[in-house]
Amino acid sequence: MKKQTRRSFLGNSALAGGIAIPGLDALERALQDKDKFSSPSDLKITDIKCGYIRGGHGLFVKIHTNQDVWGCGEGVDA
């Protein structure tokens, strides 16, 4: 039995509704053939910026990387 993925579910739903999604089968095959054990990328954290918010009851964190990927997070004292 083939594993149900989000893409296959959407593709099957679209087919049942009469909607064709071009390239979905090719994309699904490419993702199945991809090596799942590839080496890690060269993504490195380059900067971390922190600041207290809400009168010191929360911490806001922004992380920057060498590939212009960044992320934000918030820690809250409950």
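This text follows the structure it describes.
Owing to the predicted nature of the structure, the values given are computational and were not obtained by experimental measurement.

Peer 1: Explain the overall build of the protein chain residue by residue, including any values.
Peer 2: Of regular secondary structure, the protein chain possesses 2 helices and 3 strands. Starting at the N terminus and ending at the C terminus, the protein chain contains elements arranged as α-α-β-β-β. The 78 residues of the protein chain split such that 9% are buried. The long-range share in the protein chain, meaning contacts at least 24 apart out of those at least 6 apart in sequence, stands at 9%.

Peer 1: Quick rundown of the packing of aromatic side chains? Include the residues and the values.
Peer 2: Scanning the entire structure with this criterion turns up 0 aromatic pairs. For the cation-ring pair, K62 lies above W70, with the distance from its terminal atom to the ring centre recorded as 4.4 Å.

Peer 1: Which residues make up a nonpolar patch on the surface, and what values do they have?
Peer 2: Among the surface-exposed residues, I45, I48 and I63 lie close enough to one another that they form a single nonpolar patch of about 270 Å² accessible area. Residue classification places I63 among the partly exposed positions, given a relative accessible area of 31%.

Peer 1: How would you sum up the environment of K44? Please name residues and give values.
Peer 2: As for its placement among the helices and strands, K44 is situated in the loop between α2 (24-33) and β1 (45-53). For the pair K44 and T65, spaced 21 residues apart in sequence, the C-alpha separation works out to 5.5 Å. With sequence-adjacent residues up to four places away left out, K44 is seen in contact with H64, T65 and N66.

Peer 1: So what's going on with the pattern of salt bridges? Which residues, and what values?
Peer 2: Using the criterion set out here, one finds 1 salt bridge in the structure. Two residues, K49 and D47, come together in a salt bridge whose shortest N-O distance is 4.0 Å. A residue is classified by how much of its surface remains accessible, and K49, at 48% relative accessible area, is partly exposed.

Peer 1: Account for the sheet that holds β1, with residues named and values stated.
Peer 2: One open sheet holds the 3 strands; their spatial order is β1-β2-β3, and the pairing between them is antiparallel. Of all strands in the sheet, those with a lone pairing partner are β1 and β3 (70-76), marking the two edges. Averaged over all neighbouring strand pairs, the angle between strand axes comes to 15 degrees, with direction disregarded. Where β1 lies against strand β2 (residues 58-65), 8 bridges are found, and the strand directions are antiparallel. Counted as the bridge partner of D47 is H64 from β2.

Peer 1: Summarise the pairing of β3; cite the residues concerned and give the values.
Peer 2: Of the strand pairs in this sheet, β2 and β3 are connected by 7 bridges, and their pairing is antiparallel. Bridged to K62 within β3 is C72. In textbook terms, the turn of a hairpin is the stretch between consecutive antiparallel strands, and for β2 and β3 this stretch comprises 4 residues, one of which, D68, has a positive phi near 55 degrees.

Quick notes on the rules
Residues numbered from 1 in each chain as written. Predicted model: local features only at pLDDT ≥ 70, side-chain atom pairs only at ≥ 80, totals over all residues. Heavy atoms only, no water. Helix = DSSP H or I, 4+ residues; strand = E, 2+ residues; numbered from the N terminus. Buried < 20%, exposed > 50% of the residue type's maximum accessible area, 1.4 Å probe, protein only. Contact = heavy atoms within 4.5 Å. Phe/Tyr/Trp six-rings, centres within 6.5 Å; stacked < 30°, edge-to-face > 60°. Lys NZ or Arg CZ within 6 Å of the ring centre and 35° of its normal. Patch = residues over 30% accessible without salt bridge, like charges linked within 9 Å, V, L, I, M, F, W, Y side chains within 5 Å. Areas by Shrake-Rupley, 256 points an atom, 1.4 Å probe, with all protein chains shown as cover. Salt bridge = Lys/Arg side-chain N within 4 Å of Asp/Glu carboxyl O. Pairing = 2+ DSSP bridges. Axes fitted to C-alpha atoms, helices over the stretch in contact; angles between N-to-C directions.

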